[in-house]
Structures are given as C-alpha cells and as structure tokens.
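Letter by letter, the chains look like this.
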Amino acid sequence: TNLPKSGVDRTFSTADYAVFGSLFLVSAFIGLYFAFVDRNKKTSENYLLAGRSMNGWPVALSLTASFMSAITVLGTPAEIYIYGTMFWWFMISYTIVAIVTATVFVPVFYKLGISSTYEYLEMRFGRSVRVAGTCAFILQTVLYGMVMYMPALALNKVTGLSLIVSIVATSLVCIFYTCIGGMKAVVWNDVVQCVVMWIGFVAIIVKGTSDVGGISKVFDINSEHGRIDFLRFDLDPRVRHSVWSIVIGGSLMWLSVYAINQSMVQRYLSCRNLFQAKLSLYINDVGLFFVLGLASLGLVMFAVYSKCDPLTSGEVKKSDQLIPYLVMDILHSVPGIPGIFVAAAYSGTLSTVSTGINALACSTYEDLIKPVKPDISEKRAVLISKILVIIYGLLGLGVAFLASLLDKVLTMALKMFGIIGGPLLGVFFLGMFTPMANSKGALTGLIGGLMAGMWLAVGSYNYPPSAEFTRALPLPTDSCVGLNVRLPLRGCNGFNVINVTAAVETPVYSGLANSLYALSYCHYSTVSVLVTCVLGILVSLATG
C-alpha cells in the first residue's frame, strides 16, 4: 500500500526512547573515559589536538561523521527524491577534494607544525589577516549551530518529540563530553555516531526495498518516472546540478571545508604523522562514497510513495520531514527502529556540534588569546579551553533557539556558511600560489569575496531560481485519497528545495534576477574564490 495511513497513531514507543537515550549515555561515557585516562596529561595540545597521537582510521570516520550532519541525513535523500540522481556526481568532487587536500594543504600545515589553520595566515601575511580569518571562521561556525534545530524540528513534526527538550539535550551532551574529554572524546564519539548513522540508513533501505518488491523494482519505478539521470552536461552555470556545476563548483565548495576549515584541519593535525593524516583523508573519501550510496534511500522512498507523494498531498510540510515520515510510516511496527533512525539524525548533529565547539575553542585560544598572552601555563590553557567549549556550546544553543523562532533565518544561515568558506579558501590560494600577494591584497580580497558572496545570497534568497534551472521532477499524486494539494514551500535545508507541482507557475524574472541570482548554489564558492583571488592579486600589484 502506497497510501499514507493518516489515521494510524505513529509516535515514539518506549523502546524507541530507550534506543535514543542510550546514544546520549554512550556519548557521555566516552567523554568520562577519556577524562579519566588522560587525567595526568594536562596540556592544551593533548586536550585540543589529542596529543597529536591519533591513527588514520578513527580520524577518517570522524571526518565522515561530521560531514554527515543532520542536514545530510535528512536532506540528501530528500534531494534525490525530488531532483533525481544527478547528486551522485559529487563522488568525483569528493575525490578531487581528498587528493588536493592530502597533497597540497596538509603537508604545508604539517611542515609548519601549527595548531590552527589561521596561524599560516599570520606567517604568510601578518597578524591582521590571521585575526580576520579567525573571526570569519568563528562567525561561520556559530551560525552553523543552527544544525541543532533542524533534526529537532523535523522529528518534532513527525514523532512528536519535544523541540525544546531535544535541542537542550543535544547541546548539553555535546558540551559535557567535549568539555571533559577533549579531542579524543570528539573523535571516538564520531566513530560511534558514524556507525549508528549507517545502521539507521541501512535499516530503512532494507525495509523499504522489501516493501516495494526488491531492488530491481525500485530502479524500474524510478527510471519510469525519469529519476535515474546522470547525463546533464549543460554548460549554463544557472542549471542547479549539471556535471560541471557539481565537479567544478562542488569541488571548490567542499575544498573550503576539507582543506582549510579549522574543524577539519584540527583532526588531520591530531594524527601522529603526515602519512596517517593523508590516510585519514583517503579512507574518509571511501566513507563519503558509502554516504552517497546510502542516499539511494531517496530512490527507495520514491518507490514507496510512487502513487501518492506525501509532500504534495500535504502529509508533510517540508522536504526534510520526508525521511522521518517514511520511518514512522514503514517502521513504526518494529519497536526500536524509529529510535535508531532518530538517533542517527541526532548523531549527525552531535558530531557536527562537538567538532565545531572544539575547533572554536582551539581557534579562539590559539589565534586570539595565546598571541596576546604567550606565557599562560599549560594547566591554565586547558582550563581556558574548557571554558571556551562551554561558552561556544551555549552560544550554539542560543543560535538554535533563534532559528526556531525565525524559520527563514535557517536558509540564510546555511547560505552564509557556504559563503564565508569561499573567500577564506581564496586567501589560502593567494598565500600558497601567488608569490606577489601581500597582506593588503589578502585583506581586500577577503572582504571583497565576502561582500560578493553576501550579495549573491541575498539576491538568490529574494529571487529564488526558476523551475527551468532547478529542474525538480514531477511528484505523482494519482492515487491520493481526498487530496489537498498545497502551494510549493521552500525547504528549510541548505538545498533550498522547491517542490514544483504542475499546477503552480513560478515567476519569471529578467535582468540580474535571471542571470547572477539564478546561479547554481554550487557556484557560490566559485564566484567568491575568484573575486577574492583577482582582487587580492590586483591590490597586491598596486601596493606591492
């Protein structure tokens, strides 16, 4: 049966709460374990960089877990459900990113023996550029605190799990284990969370596939509705997902995360040598292939709802509620499984938030406090780092509540996250590849790139791209009973999902709105990196 069973009471059972609760208990326990084991090693390096002693594989799983934030867990399958399989070209982007990061960026950071990425900027350009880079990173990561709100909202709508309880519980558990256990607790918790996410995904894929009648049936239904599509080679940069926008734009977008973002780099630096750090990147790349494979859940979901789409029929309001809806729909009879899935979505959040607050503490201490007060004792340094973890954790909690009050803020915040990364990547490019770049050029480039990015974000937010470029695929409603078709909504995840039903006309724009603002989100980084580099080189030559 493909029809939504509206009358059925689908809420969390006791078993689900038990499974979900045990995730939080395990996380807290790992924090306590490392606090106890490392009780005699009170150095900031041990606390923030795991004493530079980690092996490649746990770090790789940790990188994969942070990548799989709740936005990935809830957003990517919905993305494939609505737009089809073009998203899988990102496999190429991830591989390019892993190779470039491992061969170009990580060796530089290792040779310099730094703790924070932005230390490099001071060595190359001077103090002002380092502070500017650090502040941009802090803003970017605090804004990203809104990821706590996203799973809470989607799950609250579908399972009735209280919003406030889940946001507070998430952030307190994160603060607790990151504060007492430091980097080791963050990495090993990520390993656990990564496994939980995989189990959650596999459980739904297996159940959904068997409900529909096997893997070949899933593919038949999807290709019948034009969902299986890999061959879009449009050169137009406005097409949301073409091979070029994903391979070029997507690579730059993820390079700004993997190559220079403190949350990521801090983990390569916690490896015991350069070989292990490179290894972690390559294993992580394999991990990301798995993640994209698991996103085929979008195809399974489409097969399950191929007669009646829950979005158009009004069963769910936004695209990121599709997955929780599916889970409660096909798995509510199996106690504990919805709990595993909810735990999976929250694992994504826990790993992203704990990594974020740990990196913020490291960056603030190394980049803003230590240069001003270089003679702090190691014991004091650890204490300051712990206090910073608590402050940033609570700040993230505040930002998440802000997002719950202002729904539109979320879309903007996620765009900002992408926009700040591009110019920072541009500054590193200037530093590493252009000998003539100087600090005036780097600063001007950074500011120019940020302004260009903000302009794009605000423009595209006010003038969402038309259906001609987003290419959402039609969602079937032929067998819905008592249909109440709604107007399209913009999804609150970073993908800006627009559900286009055949009856709805999207407005037609001209001028800037149809050229610059219609640019694929994949190319935001491309534009801001280019603006930063060109401005930086020109100003450097003029002031050189």
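Our structure is the block above this text.
Source: prediction; values computed, not measured. All residue numbers here refer to positions counted from 1 along the written sequence of the relevant chain. At least 70 in pLDDT is required for a residue's local features to be given in this predicted model, at least 80 for side-chain atom pairs to be given and counted, and no such filter applies to totals for whole chains, interfaces and linings, which use all residues. Hydrogens are left out, water is left out, and the side-chain values use all remaining heavy atoms of the structure.

J.: Describe the environment of Cys480, with residues and values.
T.: Secondary structure is summarised from DSSP: a helix means a run of H or I of at least four residues, a strand means a run of E of at least two, and numbering begins at the N terminus for each. Inspection of the secondary structure puts Cys480 in the loop between helix H20 (467-470) and helix H21 (524-543). For Cys480, a relative accessible area of 15% corresponds to the buried category. Sequence separation of Cys480 and Tyr47 is 433 residues, and the distance between their C-alpha atoms is 56 Å. Whether two residues touch is decided by their heavy atoms; if any such pair falls within 4.5 Å, the residues are in contact. The contacts of Cys480, once residues within four sequence positions are left out, are Lys307, Cys308, Asp309 and Ser313. The buried label applies to any residue whose accessible area, calculated with a 1.4 Å probe on protein chains only, is under 20% of its type's maximum; exposed applies above 50%, and partly exposed to all values in between.

J.: I'd like a rundown of the nonpolar core, residues and numbers included.
T.: Residue types Ala, Val, Leu, Ile, Met, Phe, Trp, Tyr and Cys, when buried and joined through side-chain atoms within 4.5 Å, form a set referred to as a nonpolar core. Judged by nonpolar contacts, the single largest core of 166 residues is most densely connected at Phe90, Phe105, Phe109, Trp254, Tyr258, Tyr268 and Phe428. Those residues within four positions of Phe90 in sequence are excluded, and the remaining contacts are His241, Ile246, Gly250, Met253, Trp254, Leu292, Tyr521 and Cys522.

J.: Now, about unusual backbone geometry: what can you tell me, with residues and values included?
T.: For Ala50, which is not a glycine, the phi torsion comes out positive at approximately 55°. One can find Ala50 in the loop between helix H2 (44-49) and helix H3 (56-67). Owing to a relative accessible area of 0%, Ala50 belongs among the buried residues under this scheme. At Arg471, a residue that is not glycine, the phi angle is positive and equals roughly 55°. Relative accessible area serves as the criterion here: at 28%, Arg471 is assigned to the partly exposed category.

J.: Describe helix H12 (residues 262-269), naming the residues involved and giving the relevant values.
T.: Two residues of an α-helix separated by three or four positions point the same way, owing to the 3.6 residues in each turn. Within H12, 8 of the 8 residues are buried, leaving the element largely enclosed by the surrounding structure. Three or more residues of H12 are buried, namely Gln262, Ser263, Met264, Val265, Gln266, Arg267, Tyr268 and Leu269. Polar contact criterion, stated in full: a pair of N or O atoms within 3.5 Å, where within protein one must be able to donate a hydrogen and the other to accept it, and residues adjacent in sequence count only if both atoms are side-chain atoms. Among the residues of H12, the N-terminal cap falls to Asn261, whose side-chain oxygen and the backbone nitrogen of Ser263 are separated by 2.9 Å.

J.: How would you explain the packing of aromatic side chains if you had to name every residue and give the values?
T.: The rule is short: rings of Phe, Tyr and Trp, with Trp giving its six-membered ring, pair when the centres are within 6.5 Å, and they are stacked under 30 degrees, edge-to-face over 60, tilted in between. Taken as a whole, this structure holds 23 aromatic pairs when the rule is applied. Ring centres 5.0 Å apart and planes at 80° place the aromatic pair Tyr33 and Phe34 in the edge-to-face group. Judged by its relative accessible area of 45%, Tyr33 is partly exposed. For Phe34, a relative accessible area of 11% corresponds to the buried category. Their ring planes at 40° and their centres at 6.3 Å tell us that Phe105 and Phe429 sit as a pair that is tilted.

J.: Requested: an account of the environment of Lys42, with residues and values cited.
T.: Examined against the element boundaries, Lys42 turns out to sit in the loop between helix H1 (14-37) and H2. Given a relative accessible area of 41%, Lys42 falls into the partly exposed group. Through-space distance from the C-alpha of Lys42 to that of Lys379 is 5.8 Å; in sequence the pair is 337 residues apart. Each residue touching Lys42, except ones within four places of it in the same chain, is listed here: Glu378, Lys379 and Val382. A distance of 2.7 Å separates the side chain of Lys42 from the backbone oxygen of Arg39, its partner in a polar contact.

J.: Which residues make up the side chain of Ser166, and what are the values?
T.: The residue Ser166 is located in helix H9 (residues 163-212) in this model. According to the relative accessible area criterion, Ser166 is buried, its value standing at 4%. Among all residues touching Ser166, those that are not within four sequence positions of it are Ala152, Leu161 and Tyr346.

J.: Describe the pattern of salt bridges, naming the residues involved and giving the relevant values.
T.: Salt bridge, as used here, is a side-chain nitrogen of Lys or Arg placed within 4 Å of a carboxyl oxygen of Asp or Glu. According to the stated counting rule, one finds 13 salt bridges in the structure shown. Across the pair Lys370 and Glu366 runs a salt bridge whose closest N-O atoms are separated by 3.6 Å.

So, to be careful, I would describe these as geometric facts and stop short of saying anything about function.
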